[in-house]
Amino acid sequence: MTVVINMRDGLDERKIRIAARFILEEKLVAFPTETVYGLGADALNASAVKRIFEAKGRPADNPLIIHIADFNDLKRLAREIPEEARLLAEKFWPGPLTLVLPRSEEVPDVTTGGLDTVAVRMPAHPIALSLIRASTPVAAPSANISGRPSPTLAEHVIDDFYGRIEAIIDGGETKVGVESTVIDLTSERPTLLRPGGLPLEEIENVIGEVEIHPAVKGKLVDIARAPGMKYRHYSPNAQVVVVEGPRERVRAKIRELVKEYRSEGLRVGVMATEETEADAFFHLGKTTEEVARNLFKALRELDRRGVDVIIGEGIEEKGLGLAVMNRLRKAAGYRIVRA
Ligand code: TXA
Ligand code: MG
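Cut-off values and rules
Residues numbered from 1 in each chain as written. Chains lettered and ligands numbered in written order. Predicted model: local features only at pLDDT ≥ 70, side-chain atom pairs only at ≥ 80, totals over all residues. Heavy atoms only, no water. Helix = DSSP H or I, 4+ residues; strand = E, 2+ residues; numbered from the N terminus. Rg over C-alpha atoms; globule rule 2.2 N^0.38 Å. Buried < 20%, exposed > 50% of the residue type's maximum accessible area, 1.4 Å probe, protein only. Contact = heavy atoms within 4.5 Å. Areas by Shrake-Rupley, 256 points an atom, 1.4 Å probe, with all protein chains shown as cover. Lys, Arg positive; Asp, Glu negative; His and termini not counted. Charge placed at Lys NZ, Arg CZ, Asp CG, Glu CD. Domains from an automatic or database assignment. Buried area = accessible area lost by both parts, 1.4 Å probe. Salt bridge = Lys/Arg side-chain N within 4 Å of Asp/Glu carboxyl O. Polar contact = N/O pair within 3.5 Å; in protein donor to acceptor, adjacent residues only side chain to side chain. Nonpolar A, V, L, I, M, F, W, Y, C, P; charged D, E, K, R; others polar. Pairing = 2+ DSSP bridges. Axes fitted to C-alpha atoms, helices over the stretch in contact; angles between N-to-C directions. Near = heavy atom within 4 Å.

(A) Structural view of the overall build of the protein chain. Counting secondary structure elements, the protein chain contains eleven helices and 16 strands. Here the protein chain has a C-alpha radius of gyration of 20 Å; the compact-globule value for 339 residues is 20 Å, and the two agree. With respect to the three principal axes, the spread of C-alpha positions in the protein chain is 60 × 45 × 35 Å. The buried share of the protein chain, reckoned over its 339 residues, is 59%. Long-range pairs, those at least 24 residues apart, make up 67% of the contacts in the protein chain with a sequence separation of at least 6. Carbon and sulfur atoms make up 47% of the accessible area of the protein chain, which totals about 14100 Å². Across the protein chain, the 48 positively charged side chains and the 51 negatively charged ones have centroids separated by 3 Å.

(B) Seen up close, the domain arrangement of the protein chain. For the protein chain, the assigned domains read domain 1 (3-217) and domain 2 (239-338). Taken over C-alpha atoms, the centre of domain 1 sits 28 Å from the centre of domain 2. Counting from both sides, the interface comprises 30 residues of domain 1 and, opposite them, 19 residues of domain 2. The junction of domain 1 with domain 2 conceals about 1800 Å² of combined surface from both sides, 55% of it contributed by carbon and sulfur atoms. For the pair domain 1 and domain 2, the interface holds three salt bridges. For Glu173, the salt bridge goes to Lys297, with nearest N and O atoms at 3.0 Å. Counting across the domain 1 and domain 2 interface gives nine residue pairs in polar contact (both at pLDDT 80 or more). Looking at the side of domain 1 that touches domain 2, the elements that each hand over two or more residues are α7 (154-161), β10 (191-194) and α8 (200-207). For the side of domain 1 that touches domain 2, the leading source of residues is α7, giving three residues. Of the residues in the side of domain 1 that touches domain 2, the class split is twelve nonpolar, nine polar and nine charged.

(C) Geometry of the pairing of strand β8 (residues 167-170). Of the two faces of β8, the one holding Ala167 and Ile169 and the one holding Ile168 and Asp170 are both buried throughout. The pairing of strand β1 (residues 3-6) with β8 spans four bridges and is classified as parallel. Bridging across to β8, Asn6 finds its partner in Asp170. Pairing of strand β2 (residues 29-32) with β8, which is carried by two bridges, proceeds in the parallel orientation. Its bridge partner being in β8, Ala30 is matched across the sheet by Ile168.

(D) Region of the structure containing the sheet that holds strand β16 (residues 336-338). As summarised here, the arrangement of the five strands in space is β14-β13-β15-β12-β16, forming an open sheet in which the pairing is parallel. Among the strands making up the open sheet, the edge pair consists of β14 (280-283) and β16. The mean inter-strand angle of the sheet, taken between neighbouring strand axes irrespective of direction, is 20 degrees. Here four bridges tie strand β13 (residues 268-272) to strand β15 (residues 309-313), and the two strands are oriented parallel to one another.

(E) Here's a closer look at the site of ligand 1. Taken together, 25 residues sit near ligand 1, with Thr35, Arg58, Asn62, His67 and Ser180 positioned nearest. Within the side chain of Thr117, an N or O atom sits 3.0 Å from a nitrogen atom of ligand 1. In this structure, an oxygen atom belonging to ligand 1 sits 2.9 Å away from a side-chain N or O atom of Arg194. Here ligand 1 loses 94% of its free accessible area of 680 Å² to cover by the protein chains.

In structure tokens, the structure reads:
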């Protein structure tokens, strides 16, 4: 049985206490953050965390992010807090930034997928923060079945998990729309493992140059340091293609591809920043921020409308554009058409 807890009109401390009790009773509670919805469980309780992996169908070696509401909690979770972590946390927490640090004894193996590092973030969402304060540090991957697009609305979580988890807190649409930026501070130099809701440029303004892990732009790889990178991601049922290049040429190429696919008898969906004739169209918005916010919703919505192919417009890899293109290319299984 799943309880849907409505908090679309804002924080309700009485309802938070009910959800917090669920967390402390080893139950699963999906909740909104500023990035995407998370599927939460008590991060320090191995059997609770195990349930997250089962519910998502997530491979056991893909570790979870622990969500905290107070910087002091970091001292319980990390063996060591490097100076860069302090600087970044001070500047960007609460916010869409996850730090990978040496893991403390208190964190169970299941949570970190057996790694000796731990990923931690403080989300910038009143519901998430209250839930954590009323319970404990909360492990939460994105609240989607493994391999599906991340959820930016409670409806997406309901589609994937209704009847399979104890509670879903509906806090309306998430603001950022792509997951947090993940920075590894345990290797020789700070390394970007996943671009996300906090632009890389802003991080570099604080700690200087950050190395970019090759998997961020490239193909799926099999490496131990960033286990999440090797799995299928963000995939709707339809086949996704992404068109990249200079803006005007991209638009022309999209129109051309629509005709081509349709002539083969396929139903075509387009997600782009400008209205395009197709069987289904999703307007991603004008700014990079709007595109990030709408990206996952667009994939789910076009899928729901039953198209065979989804053509996505590639955008510039600046600011949130780096995260957008990382997600879009993965969703496309790296089927990229150059315009
Ligand atoms: O915005 C977000 O980060 C959302 C919300 C709910 O907070 N959460 C999220 O979690 O995106 P998830 O599980 O979908 O993605 C976590 C990513 C994965 O790519 C995982 O491999 C990586 O973080 N990760 C977690 N722990 C790690 C570690 N110790 N070392 C390297 N990568 C780690
Ligand atoms: Mg995820």
